[in-house]
Amino acid sequence: MSLMIDLHSHSNISDGMLTPAELIEHAAVHKVDVLALTDHDDTSGLKIAAIEAERWGLQLINGVEISVTWKKRTLHIVGLKIDPDFPPLKTGLEKIRAGRHIRAEGMAAGLDKIGITGSLKGAYEYAKEGIISRTHFARFLVSTGYAKDNKSVFKNYLVKGKPGYFEHEWASLEDAVSWIVGSGGVAVIAHPGRYDLGRTNMLLLLEEFRALGGTAIEVVTGSHTVDQYVEFAKY
């Protein structure tokens, strides 16, 4: 018997489109047996997700995706089987979420300078009660006609060297891994193909990550090509 397993998903607590309850229902209807809810820097959706998972007969894995700065690059570290009530993890995520608001203000100020006003308020309208992210700015810019889709928003406005980019320091790799492992979880490097590290830096990252207690790397993801599945499976 084969299982359908998804170890990386987001609800509208971070930058997904569905509520935690809707996400569980969506997964169950599509025959997913095991689902990890891994919202960015926030675990507040896990309790309602657990209730819905039991109702649908789906196995839920408590997860989170932590924003990390490593060698001036932003990386994401997924934690699986975490204890969301582990004090260092809770405190660390609270600090990251506070930093997200500071970054959002900086992004909005940059967009103001080129005549795109109201982006902070507009982005928060998409974020609703969840964390604020670049995806919410992208949705605002698409809805107001400044770009045709999210991909073009990131390319023209939100990456380094563009007006909506704002330099921000996230958690350290050491802290993120220690929070995850300390809570009883498994630390995973998320979608490594997105970081364009090159072989040397990838090997350095993997060496440091493993030394800190990290034990896994995401291989099959919508962010990777089929060739990258093979590449990262080898790692």
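Our subject is the structure that appears above.
S.K.: I would appreciate a short explanation of a positive patch on the surface in the present structure.
M.R.: A cluster of basic side chains, namely Lys148, Lys151, Lys155 and Lys162, defines a positive patch on the protein surface. By the element assignment, Lys155 lies in helix H6 (residues 150–158). In this structure Lys155 comes out as exposed when scored by relative accessible area, which is 61%.

S.K.: Help me out: how do you make sense of the pairing of strand E6 (residues 186–189) in this one?
M.R.: Residues in a regular strand project their side chains so that they alternate between the two faces of the sheet. Both strand E4 (residues 73–80) and E6 contribute to a ladder of 4 bridges, which runs antiparallel. Bridging from a neighbouring strand, Gly79 pairs with Ala187 of E6. Bridge analysis of E6 against strand E7 (residues 216–217) gives 2 bridges, and the strand direction is parallel. Bridging from a neighbouring strand, Ile189 pairs with Ile217 of E7. A crossover connection joins E6 to the parallel E7 through helix H8 (residues 198–212); in handedness this β-α-β unit is right-handed.

S.K.: Please clarify how the packing of aromatic side chains should be interpreted in this entry.
M.R.: Two aromatic rings are characterised by how far apart their centres lie and by the angle between their planes. Throughout the structure, instances matching the rule amount to 1 aromatic pair. Consider the rings of Phe232 and Tyr235, whose centres lie 5.8 Å apart with planes at 35 degrees: the pair is tilted. Exposure remark for Phe232: the relative accessible area of 3% places this residue in the buried category. When its relative accessible area of 32% is taken as the criterion, Tyr235 is described as partly exposed. Here the basic side chain of Lys71 rests over the ring of Trp70, its NZ or CZ set 5.3 Å away from the ring centre.

S.K.: I would appreciate a short explanation of unusual backbone geometry in the present structure.
M.R.: With the exception of glycine, most residues fall at negative phi, and the peptide bonds are largely trans. Positive phi outside glycine occurs at Lys72, with the angle close to 65 degrees. Among the secondary structure elements, Lys72 is positioned in the loop between strand E3 (59–70) and E4. Backbone geometry at His191 places phi at a positive 25 degrees, although glycine is not the residue there.

S.K.: Before we go on, may I ask you to explain the pattern of salt bridges in this structure?
M.R.: Opposite charge on two side chains permits pairing when their charged atoms draw close. Using the criterion set out here, one finds 3 salt bridges in the structure. Its salt-bridge partner being Arg100, residue Asp41 comes within 2.9 Å of it at the nearest N-O pair. Taken together, the residues span a long stretch of sequence, with Asp41 in the loop between strand E2 (34–37) and helix H2 (46–56) and Arg100 in helix H3 (residues 87–113) at a distance of 59 residues. A relative accessible area of 0% means that Asp41 is categorised as buried. Judged by relative accessible area, Arg100 falls into the buried class, the value being 4%. Among the salt bridges present, the one from Arg97 reaches Asp42, with a minimum N-O distance of 4.0 Å. Residue Arg97 is located in helix H3, and its partner Asp42 is located in the loop between E2 and H2; the two are separated by 55 residues in the primary sequence. Given a relative accessible area of 10%, Asp42 falls into the buried group.

Reading guide: rules and limits
- Residues numbered from 1 in each chain as written.
- Predicted model: local features only at pLDDT ≥ 70, side-chain atom pairs only at ≥ 80, totals over all residues.
- Heavy atoms only, no water.
- Patch = residues over 30% accessible without salt bridge, like charges linked within 9 Å, V, L, I, M, F, W, Y side chains within 5 Å.
- Areas by Shrake-Rupley, 256 points an atom, 1.4 Å probe, with all protein chains shown as cover.
- Salt bridge = Lys/Arg side-chain N within 4 Å of Asp/Glu carboxyl O.
- Lys, Arg positive; Asp, Glu negative; His and termini not counted.
- Charge placed at Lys NZ, Arg CZ, Asp CG, Glu CD.
- Helix = DSSP H or I, 4+ residues; strand = E, 2+ residues; numbered from the N terminus.
- Buried < 20%, exposed > 50% of the residue type's maximum accessible area, 1.4 Å probe, protein only.
- Pairing = 2+ DSSP bridges.
- Right-handed = clockwise from strand over helix to strand, strands pointing away.
- Phe/Tyr/Trp six-rings, centres within 6.5 Å; stacked < 30°, edge-to-face > 60°.
- Lys NZ or Arg CZ within 6 Å of the ring centre and 35° of its normal.

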